[in-house]
Amino acid sequence: MGIEIKVRNVKLYYKSVKALDGVSLDVGGGEILSIVGPNGAGKSTLLKVINGILRPKIGAVYFDERLLYEIPQKEVAMKTGAVPQRLSSTGMLTVFDFVLTGRRPYINFTPTKIDEEKAYEALKTVNAAHLANRTLEELSGGELQRVIIARALAVEPEVMLLDEPTSNLDLKHQQETLNLLKALRSKGLTILIAIHDLTQAYRISDKILMLNNGKVFAAGKPEEVLTPQNILTVYGVPTIILKEHKIITPAESI
Amino acid sequence: MWIKLSIKHSNYKKRLTLVCLIILTFFLVPLSVALGWYKASLLDILRVLFMPDNSPLSTVVWDLRLRRVLAALIIGAVLAGSGTAIQASLRNPLASPFTFGLSFAASLGVAVALLFLQGGSIQRFQIYFYNPFIVSIFAFIFSLIQVMVILLLAYKAGLGARALVLSAIAISFVYQAILYLLQYLVLNEILTSTVVFWTFGDLGRIGWGELYLVATVSLAIVIPYFLYRSIDYDLMLSGDELTKSAGISPERIRLETTIIAALGTAMATSFVGIIGFICLVAPHAARLIVGGGHKYLMPTSMLMGSIILMISDTIGRTVIAPTIIPVGIMTSMVGAPLLVYLLIKGGKYGHRD
Amino acid sequence: MSRKSLTNIQAAILIAVIVVAAALSYLAVKSYISPGNTPETYVEDILGRKVALPQKINRVVAIGPGMLRLVCYLNATDLLVGVEESETSWGFTGRDYAMAYGESFRNLPIIGPGGPGKPPAPELILAVKPDLIIMSRTYADMYDPDRLQTETNSTIIVVDYGPAGSLDVEGLANALNILGTALNRKERAENLIKFVESLRDDLKARTENITLRPKVYVGAVSYKGAQPFTTTQVLFPPLQLLYTSSIADKYSNKTGVYFMDFEAILQEQPEIVFIDEGNLNTVKQDFDKDPGKYCQLTAFQNGKIYGTLPYNYYHTNIAVALADAYYIGKVLYPDHFGDVNPELKADEIFQAFLGKSLYEQYKEAYGGFKNLSEMFKCG
């Protein structure tokens with residue numbers, strides 16, 4: 001379980017702007033890597049590159065030593081679960097049908113009983129099984145987020161790529177999501193998250209990549225990367241790291 | 001456990017709806033065939049249906065009624081399916097094959113065909129050189145050219161949903177302008193009126209050979225493709241990125257869908273004229289009944305298209321008999337208020353694009 | 001730049017604008033109340049306008065459906081100083097007056113586009129300085145005649161001779177009388193009206209009291225473009241002159257075009273069918289594609305299909321409609337029309353209206369009066 005992902009010196013241009021300027025990273029199975037940085041730093045773009053959706057001008061992505069672009073698309077799709085920030089539209093799709101689309105790489109003509117089982121299991125994992133017959137429009141922000149994660153889980157992926165999975169959630173759901181990610185980590189998945197909340201990133205990550213203007217500003221363990229100096233330089237905001245007086249919830253103290 | 005059952009129950013309801021619609025369709029076919037100006041008993045009509053002979057009643061039942069009913073069946077399904085597919089691939093509930101300006105292109109084709117053949121005056125001697133299919137062929141070719149140009153233009157912009165819609169609008173305006181220019185400068189009144197009359201969709205216009213052609217293409221290519229792509233249309237709704245991450249190319253889906261929808265619609269339009277609203281009303285109504293999952297939505301939408309078109313045509317030829325209201329006018333009269341009703345009644349499509 | 005008063009330049013411009021405006025107003029007013037010719041005769045046109053006719057009328061234009069036809073019928077083409085573009089661009093075939101006088105139209109300046117929906121062009125009309133403009137009522141509905149009168153600095157009479165597709169003898173007489181007065185063709189108008197009335201009375205005498213009437217259907221009637229076999233006309237004028245009804249007459253009491261369901265035609269089984277030769281190709285095509293339904297009609301099986309000349313083109317070709325009436329009479333009631341040769345009669349009518357025998361031209365263009373069973377063979 002889990003794929004070792006290597007990103008080497010990826011450069012990507014978007015309308016003559018350097019969206020990514022020589023980004024590299026390493027992450028393996030059973031690890032959570034958080035990508036942090038200000039808006040426009042390139043977090044979402046990096047996730048898309050790792051997913052294979054965007055191809056860099058220079059540089060490469062490797063999955064277990066294999067060049068990503070040489071792996072058949074279907075195989076990549078079966079291995080990667082993507083959780084975007086938002087959906088383009090919803091079209092009165094039921095939650096169940098939506099989660100079922102995650103099984104697309106495995107479907108030849110129409111979903112089978114197995115596909116339906118897996119979708120259902122995924123919904124149970126995120127505590128959203130009771131929403132199965134609702135339409136996506138009826139869901140709250142938190143419910144929708146969980147459902148999108150369920151869809152990624154239905155893929156039975158070895159890699160999870162999440163783009164700001166907690167930004168729309170209230171405290172309780174944020175914790176639930178983070179706990180879910182920890183559970184997935186212990187199953188051995190390779191997890192990359194683009195995240196805004198530095199405290200959450202600090203708590204949950206094994207590694208952190210700090211991006212600024214498409215370049216890697218800092219990479220390494222959370223305490224190495226998330227220093228007041230780094231944060232001030234990149235975000236322009238003076239911060240203090242409190243190790244003692246932070247707000248922790250019961251669930252976290254495990 | 002009961003959650004699983006509720007999913008099963010919901011699917012069961014959708015299946016039931018589908019079956020009911022199929023039964024309704026099969027019931028409507030003989031009903032529509034039984035209705036009409038020519039007086040005959042139900043028994044005679046049935047007899048002639050199963051044992052066609054050379055009597056006037058047989059001609060009425062087969063050539064004048066059954067043929068249009070079958071045409072309504074096929075063309076309604078194709079229009080509704082095309083509408084559903086294009087709406088999914090463009091993530092836009094107001095999209096339809098006619099968004100691509102197919103009606104203008106077809107009308108332009110007719111105008112050009114008439115110009116070349118009539119030469120601006122009504123001459124009798126042209127009768128022996130006139131291929132009866134020329135008008136249809138021109139309408140079809142121009143429709144396809146229109147779609148190709150739109151796709152080419154959108155291709156330059158990456159075949160994104162927005163690019164396609166903008167391209168379609170732009171090209172449609174160009175075709176419309178050319179058509180109006182032709183009408184104003186070149187066509188005389190007779191030709192202009194002929195074009196206008198042609199655009200009123202009329203199911204009575206289609207012959208047996210043309211019906212076979214439409215049916216073959218629809219049943220062999222168009223309808224199976226839309227059904228096959230159902231899961232992909234569900235996927236496309238969420239966005240291009242999720243689609244790509246699932247290993248499917250959204251551009252390819254849009255390209256294929258546009259071409260096949262154009263093929264089916266252009267063919268139907270070239271034979272019977274312009275029939276509007278079905279491609280908007282049927283998918284919307286179906287969505288309200290069976291939801292947005294295309295596994296059930298697509299066949300339901302197609303059946304609704306067939307049913308609506310059949311009913312419109314039958315009403316059109318019976319309500320102020322013995323004169324016929326062309327079905328294109330009927331679908332507008334029936335479709336517009338129906339669409340308004342559906343929009344008011346609800347069903348949020350949900351747009352976050 | 002000071003804001004309190006105008007600069008020199010601004011003042012100069014203002015003065016220039018005032019001067020120009022004043023000059024234009026003066027010219028406009030002057031032309032409106034220009035003395036011109038001293039009016040003498042008054043005529044009431046079809047809109048009830050009392051029109052003062054100029055004393056000398058040497059320059060005439062006709063705009064709108066049917067107006068040029070009336071001028072030709074009244075033998076007043078020498079007064080024309082301009083013609084609508086459609087008269088030449090459409091070709092002459094199908095309009096009786098154009099077939100007779102078309103060549104002479106080519107030399108005349110263009111005074112407007114022409115056509116049922118196209119508005120008149122005041123500048124072009126003004127350029128030929130007409131004394132009188134004959135305007136169709138359909139044009140007057142689109143464009144105010146009094147306004148056009150001002151714009152063209154001329155006199156306008158609005159005339160019509162019945163609704164499109166109709167043969168309104170009284171309407172025709174009224175129109176001819178008005179124009180006869182205006183164009184100094186009173187005698188000609190009276191003679192023509194007498195001629196038309198004599199034809200009407202002749203047809204009445206021959207057919208009014210016939211008891212055995214066959215079932216008739218008139219198909220593919222000309223109306224706004226190519227029409228299929230199922231398009232007919234309720235109270236078809238030539239049949240009306242023959243005191244005969246068609247099978248469509250019972251479905252509507254308003255005269256006009258009617259789109260019939262083929263089933264209804266099959267139900268009625270007309271004995272004799274007439275096809276407007278203007279749409280012959282459309283019917284032929286449909287027949288070739290779908291002979292089954294046509295051959296269920298007894299009229300087709302018995303070969304009782306006849307062609308009539310199209311008369312609805314830029315308003316009713318009265319001469320053609322009357323000629324059609326005689327042919328149809330001959331077909332329906334041969335005993336009562338034994339002395340009539342429809343082709344000769346047609347030429348007689350053409351001669352009376354336009355001074356030329358046009359039947360041969362019509363025959364060449366459309367086929368002429370004949371039985372069409374060769375084209376529609378069944379079985």
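Residues numbered from 1 in each chain as written. Chains lettered and ligands numbered in written order. Predicted model: local features only at pLDDT ≥ 70, side-chain atom pairs only at ≥ 80, totals over all residues.

K.L.:
Lay out the overall build of chain C with the relevant residues and their values.
P.N.:
The secondary structure content of chain C amounts to 17 helices and 11 strands. Across its three principal axes, chain C shows a C-alpha extent of roughly 95 × 55 × 35 Å. In chain C, which comprises 379 residues, the proportion classed as buried is 49%. Looking at chain C alone, contacts between residues at least 24 apart form 66% of all its contacts between residues at least 6 apart. (Helix = DSSP H or I, 4+ residues; strand = E, 2+ residues; numbered from the N terminus. Buried ≥ 20, exposed ≤ 12 C-beta atoms within 10 Å, placed from the backbone. Contact = placed C-beta atoms within 7 Å.)

K.L.:
Could you give me a rundown of the nonpolar core, with the residues and numbers involved?
P.N.:
With 291 residues, the main nonpolar core has V99 of chain A, I75 of chain B together with V71, I134 and L179 of chain C as its most contacted residues. In contact with L179 of chain C, not counting residues within four places along its chain, are L70, L74, I134, V159 and A189 of chain C. (Core = buried A, V, L, I, M, F, W, Y, C linked by C-beta atoms within 7 Å.)

K.L.:
Could you give me a rundown of the sheet that holds strand β9 (residues 207-212) of chain A, with the residues and numbers involved?
P.N.:
Paired through backbone hydrogen bonds, the strands of a sheet run either parallel or antiparallel to each other. Residue and element names in this part refer to chain A. Taken in spatial order, the six strands line up as β6-β7-β8-β3-β9-β10 in an open sheet, and their pairing is mixed. Each edge of the sheet is formed by a strand with only one pairing partner; in this case those strands are β6 (80-83) and β10 (215-220). Taking each pair of neighbouring strands and ignoring which way they run, the sheet shows an average axis angle of 15 degrees. Sheet topology places strand β7 (residues 159-163) next to strand β8 (residues 190-194); five bridges connect them, and they run parallel. (Pairing = 2+ DSSP bridges. Axes fitted to C-alpha atoms, helices over the stretch in contact; angles between N-to-C directions.)

K.L.:
A description of the interface of chain B and chain C should follow, citing residues and the corresponding values.
P.N.:
Taken together, the contact pairs 29 residues of chain B with 34 residues of chain C. Breaking the side of chain B that touches chain C down by element, the ones donating at least two residues are α3 (56-90) and α7 (189-199) of chain B. Taken together, the residues of the side of chain B that touches chain C break down into 14 nonpolar, 10 polar and five charged. (Nonpolar A, V, L, I, M, F, W, Y, C, P; charged D, E, K, R; others polar.)

K.L.:
Give me the sheet that holds strand β10 (residues 305-308) of chain C: which residues, what numbers.
P.N.:
All names here are of chain C. Read across the sheet, four strands follow the order β6-β9-β10-β11 without closing on themselves; strand pairing throughout is mixed. In this open sheet, the two edge strands, each paired with only one partner strand, are β6 (216-219) and β11 (370-371). Sheet topology places strand β9 (residues 272-276) next to β10; four bridges connect them, and they run parallel. Paired with D276 across the strands is T308, a residue of β10. The sheet contacts of helix α15 (residues 318-332) involve β6, β9 and β10, and relative to β10 the element is tilted by about 165 degrees.

K.L.:
Describe the domain arrangement of chain C, naming the residues involved and giving the relevant values.
P.N.:
Residues and elements named next belong to chain C. Its domain assignment divides chain C into domain 1 (41-196) and domain 2 (211-371). On a C-alpha basis, the centres of domain 1 and domain 2 stand 29 Å from each other. The interface is formed by 20 residues belonging to domain 1 together with 25 residues belonging to domain 2. Those elements that provide at least two residues to the side of domain 1 that touches domain 2 are α2 (67-73) and α4 (96-105). Here the side of domain 1 that touches domain 2 gets four residues from one element, more than from any other, and that element is α4. (Domains from an automatic or database assignment.)

K.L.:
Residue-level account of the interface of chain B and chain A, with values.
P.N.:
Taken together, the contact pairs 32 residues of chain B with 36 residues of chain A. Listed by contribution, the elements that provide at least two residues to the side of chain B that touches chain A are α1 (2-34), α9 (230-238) and α10 (240-245) of chain B. Class assignment of the residues belonging to the side of chain B that touches chain A gives a composition of 10 nonpolar, 12 polar and 10 charged.

K.L.:
Could you give me a rundown of the pairing of strand β2 (residues 17-27) of chain A, with the residues and numbers involved?
P.N.:
All names here are of chain A. Pairing analysis gives eight bridges linking strand β1 (residues 5-14) to β2, with the strands arranged antiparallel. Across the sheet, the residue bridging to V10 is V23, located in β2. Remark: two residues form the turn of the hairpin made by β1 and β2, two consecutive strands paired antiparallel; K15 in that turn has positive phi of roughly 50 degrees.

K.L.:
I'd like to hear about the environment of N51 of chain A, residue by residue, with values.
P.N.:
Mapped onto the secondary structure, N51 of chain A falls in helix α1 (residues 43-51). Here N51 of chain A falls in the buried class, since 24 other C-beta atoms lie within 10 Å of it. Each C-alpha atom of the pair N51 of chain A and N213 of chain A lies 21 Å from the other, and the pair is 162 residues apart in sequence. Discounting residues that sit within four places of it in the chain, N51 of chain A has contacts with T80, A82 and L161 of chain A together with S245 of chain B.

K.L.:
I'd like a description of the confidence of the model for chain C, backed by residues and values.
P.N.:
Model confidence for chain C is summarised by a mean pLDDT of 89, while 94% of its residues fall at 70 or above. The ipTM value of the predicted complex is 0.88, and its pTM value is 0.84. (pLDDT = per-residue confidence, 0-100.)

K.L.:
Could you give an account of the arrangement of the chains, with specific residues and numbers?
P.N.:
Taking contact number as the criterion, the leading pair out of two pairs of chains in contact is chains A and B. At their nearest point, the C-alpha atoms of chain A and chain C are still 41 Å apart, with no contact between the two.

K.L.:
If you had to explain the packing of α3 of chain B against helix α12 (residues 278-290) of chain B to someone new, which residues and values would you point to?
P.N.:
Residue and element names in this part refer to chain B. Here α3 crosses α12 at 75 degrees, and the two axes come no closer than 8 Å. By the angle between their axes, α3 is roughly perpendicular relative to α12. In this structure, α3 uses G76, L79, A80, S82, G83, T84 and Q87 to contact α12, whose residues at the interface are I278, C279, L280, A282 and P283. Looking at the contact of α3 with α12, its residues break down into seven nonpolar, five polar and no charged. (Parallel < 35°, antiparallel > 145°, perpendicular 65-115°, else oblique.)

K.L.:
Which residues make up unusual backbone geometry, and what are the values?
P.N.:
In the Ramachandran plot, E65 of chain A falls in the positive-phi region, its phi being about 70 degrees despite a non-glycine side chain. Within the fold, E65 of chain A resides in the loop between β4 (58-63) and β5 (66-67). What makes E65 of chain A exposed here is the crowd of 8 C-beta atoms within 10 Å. In this structure, A220 of chain C is a non-glycine residue whose phi angle is positive, near 55 degrees. Here A220 of chain C shows up in the loop between β6 and β7 (231-234).

K.L.:
Account for the confidence of the model for chain A, with residues named and values stated.
P.N.:
The predicted model of chain A has a mean per-residue pLDDT of 88, with 95% of residues at 70 or higher. Mean pLDDT values over the elements of chain A span from 86, in helix α9 (residues 228-235) of chain A, up to 95, in β8 of chain A.

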